[in-house]
Structures are given as structure tokens and as C-alpha cells.
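Observations on the model geometry
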Amino acid sequence: MQDDGSDPEIRPDQGNGITSDQGKWRGYAQIALIAVVLAVALYFARAPGFSDESLGDAALMDTSAPPVAEVVLPTPTEKGLTVQLTGTVELDDTTVVKPEVEGRIVWVSPSFSDGNAIAAGETLFRIDPAEFEIEVEAAQAAVEKAEARIEVEKVLASGWSRREAYIALAHAELKEAQAALKLAELRLRRTHIAFPYDIQVLDAGVSVGEFASPDFTRSSQLGIVYQSNALQVEAPIESHNLAYLEPALGRAVRMTGQMGSWDGVIVGVAPTVDPTSRLASVYLAFTGDESTTSRPPPGTFVEVEIEGPVFPDVFVLPNAVLQKGDSVWVVRDGKLQWFTPETYQITTDGWMVKAFDSGEGVVIGALPGARERLAVSVQAVQEAN
């Protein structure tokens with residue numbers, strides 16, 4: 001080439017003898033080397049020679065300390081279940097009000113109206129007594145006549161033995177007249193209609209001026225009443241609760257409603273199970289001496305509590321120990337064990353189960369990472385009966 005006196009063109013990679021392609025490959029090699037170094041570092045970090053066991057107790061406490069488990073320490077006790085039911089007040093029997101004599105109604109008690117209570121012996125209404133008063137007067141006259149005849153016969157019988165037969169006949173006539181008088185007085189009393197016990201009026205159907213008759217047609221009804229011992233409560237119950245209460249008959253109950261609380265007793269058990277609900281029923285009677293007005297009316301709902309027989313060996317655990325599937329975590333030898341106790345009842349007051357080996361305690365609440373045989377540190381917080 002001919003030298004024209006100008007400087008030759010110099011490229012950046014000509015001074016060190018490295019071409020452009022060689023520079024690129026060198027950069028790739030550096031990146032690869034860094035990746036290899038990182039991989040080796042990670043490998044040795046996880047290698048057995050660098051495990052937690054080789055780091056000593058200090059490192060173990062820093063990275064593998066067992067979780068703290070709060071536990072309850074249950075103690076066996078004797079306790080019975082309270083079976084809680086909802087029942088409906090019903091009428092076991094009602095009484096139809098009918099007169100015993102025939103006549104026109106002349107007076108009706110202001111208390112004889114739907115829903116009112118009437119005390120024993122209080123008159124509900126009166127039938128016109130005029131006819132019956134006349135009958136009583138006639139019977140009284142017959143008695144007086146018979147008594148007078150006896151006196152006459154006694155006078156005539158002086159010295160006459162045959163008159164003794166007439167005297168005996170006169171005595172018989174007197175008794176007959178006396179009986180007629182009693183019957184007339186009874187019919188008169190029956191113009192006042194009353195009951196010998198406290199009643200509650202369910203349906204009052206009479207007014208002044210109506211004609212009352214003792215016949216047995218529906219039109220002769222003057223009302224419908226019931227007495228306090230005719231009230232009963234029907235309460236549906238699950239079969240297993242009924243089995244637990246055996247023998248159920250005669251078992252005391254407590255009933256509560258909007259009007260108050262009442263004592264009662266189980267007086268009957270339904271012989272069949274409802275085909276829809278698959279529930280049996282128990283029938284409860286009121287046992288207190290309260291008046292009819294203080295008891296709930298028919299159709300009222302009441303809450304029923306029945307104390308069942310006592311179990312001799314149970315735990316009453318706080319509901320917070322309850323885990324999935326009605327099971328618990330139990331700490332035994334410092335490790336978790338999964339256990340499903342035999343449940344008697346779960347209530348707001350606690351979970352009643354058959355007593356079991358509770359080890360160092362039953363775990364309360366959820367324990368993060370809980371699993372079978374996980375080592376835990378126990379922290380007892382309370383005792384349970």
C-alpha cells in the first residue's frame with residue numbers, strides 16, 4: 001500500500017488482540033462462573049456438615065424451639081346432663097257447660113267471658129227459679145200435711161190398736177213428702193250453675209234471655225271451660241335423649257315461658273315416632289299449686305329442662321378445646337396426640353365427655369402447625385371439672 005502520510009485506522013479491540021466475538025464470550029463466561037459459585041454456596045449451606053445438629057444447642061434454640069401449647073388440666077367428676085326441649089301447652093280435657101234443669105237464663109256473671117278465670121263455687125249464670133220455687137213450696141206443704149196426719153192418727157189411736165197400722169202408713173207418707181221436698185230444693189239449687197273447682201273460660205256462649213236445656217245437643221252448650229290440671233305440655237325429643245332419660249316417667253322437669261316458670265313431671269311418652277321429624281314426644285303435667293290464671297294458656301311455647309341421671313366419671317371441658325371432628329389434641333410425653341373422646345353433650349357451659357387419659361393436658365384453641373407427635377412446650381392455664 002502506498003503511504004500517503006495519514007495515520008492508519010485503529011479499532012478498539014486491535015490494541016490487545018481481542019476480537020469483538022471473543023469479548024462477548026468472555027462476558028458470558030463470567031456470568032456462568034458467578035452462577036456456579038452461588039450454586040456451590042447453596043449446596044454447602046444445606047449439606048449435612050452444616051445441619052442444625054452440627055451447630056450446637058444455641059442454634060437449635062434459635063431455629064427449632066417447640067411451639068408453646070396452652071392446655072387445660074381436666075379432673076374427673078360426677079355430673080348429669082340437662083336435656084333441653086321446647087314444648088307446647090295443650091289441653092288434655094275440656095268441660096262443656098250445660099244446665100241440669102230447663103229454663104230461661106236470667107243472669108250471667110260478668111266473669112263468664114273468654115279467657116277469664118272463675119273460682120270454685122262462683123255462679124256462672126242463673127236460670128229462672130220461679131217454677132222450681134213453687135215446686136219447693138208444694139213439697140213443703142206435703143211434708144206438713146204428712147206430719148199433721150201422724151198427729152191425728154196418734155190421737156185417734158188412743159186405746160185402739162188397729163190405728164197403729166195407720167200411724168205407720170202416715171210415717172211412710174211423711175218420708176215420701178220429705179224426699180219430694182229435697183228433690184225440689186235440689187232442682188232449685190241447679191238454677192245456679194257453678195263448678196266445684198277453679199276453672200278457666202275457653203269459650204263463653206250464653207247470654208241473658210236464652211233458653212237453657214239439659215239435652216245433649218250441641219245447641220245446648222252454654223260454654224267450654226277447663227280446670228288447671230287439664231293443661232299439659234307436649235315436647236318433641238330425640239330418641240337418644242329419651243333413651244338417656246330412662247326411666248322417663250315420673251322424672252321432674254322445669255318449664256319456663258313468658259308468664260313465668262313452673263315445676264312439672266313427665267306423665268307420658270308417645271308410643272310412636274313422628275314420621276316426618278323422626279322425633280318422639282313426652283307429655284308433661286304441672287305439679288305446682290298455682291292457680292289456673294298463673295299457668296300458660298293453651299298454645300303457648302315453653303322451654304323445658306330435664307335433669308337426667310348422673311354419670312360417675314366425666315370431664316367437663318371448655319368448648320375452646322374442641323377441634324375438627326369432635327376431637328382434641330392431647331399432650332403426652334411432650335408431644336401432640338390426636339384423640340376423639342366419647343361425647344355426652346356439648347352445651348354453652350362446656351363439653352361433657354367420658355373421662356380419658358389427658359396426659360399433660362388438653363390443648364386449648366388452634367395451635368399453628370399442629371400435627372401428630374409434634375413436640376410442644378406445655379403451658380397449663382386452668383383446671384376443669
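Refer to the structure presented above.
Now for a description of the structure that goes with this document. (Residues numbered from 1 in each chain as written. Predicted model: local features only at pLDDT ≥ 70, side-chain atom pairs only at ≥ 80, totals over all residues. Heavy atoms only, no water.)

Here the focus is the overall build of the chain. Scanning the chain from terminus to terminus reveals six helices and 21 strands. Sequence separation of at least 24 residues holds for 75% of the intrachain contacts in the chain that already meet a minimum separation of 6. When the accessible surface of the chain is totalled, it reaches about 24000 Å², and 54% of it is carbon and sulfur. (Helix = DSSP H or I, 4+ residues; strand = E, 2+ residues; numbered from the N terminus. Contact = heavy atoms within 4.5 Å. Areas by Shrake-Rupley, 256 points an atom, 1.4 Å probe, with all protein chains shown as cover.)

Next up on the list: the nonpolar core. The biggest cluster of nonpolar side chains holds 29 residues, and the ones touching the most others in it are Leu85, Ile237, Met255, Val282, Leu284, Val304 and Ile306. Those elements that provide at least two residues to this core are β2 (77-91), β11 (231-237), α6 (239-245), β12 (252-257), β13 (260-269), β14 (280-286) and β15 (301-317). Sorting elements by how many residues they give to this core places β15 first, with six residues. Apart from residues no more than four positions distant in its own chain, Val304 is found in contact with Val83, Gln84, Leu85, Gly87, Val253, Arg254, Met255 and Leu284. Val97, Val108, Ile193 and Phe195 belong to the second largest nonpolar core, which has 18 residues in total. (Core = buried A, V, L, I, M, F, W, Y, C linked by side-chain atoms within 4.5 Å. Buried < 20%, exposed > 50% of the residue type's maximum accessible area, 1.4 Å probe, protein only.)

In spatial order, the strands read β7-β6-β4-β9; together these four strands make up an open sheet with antiparallel pairing. Pairing within the sheet leaves two strands with one partner each, and these edge strands are β7 (192-193) and β9 (211-212). Across three bridges, the pairing between strand β4 (residues 103-108) and strand β6 (residues 125-127) is antiparallel. Counterpart to Ile105 in the pairing with β6 is Ile127. (Pairing = 2+ DSSP bridges.)

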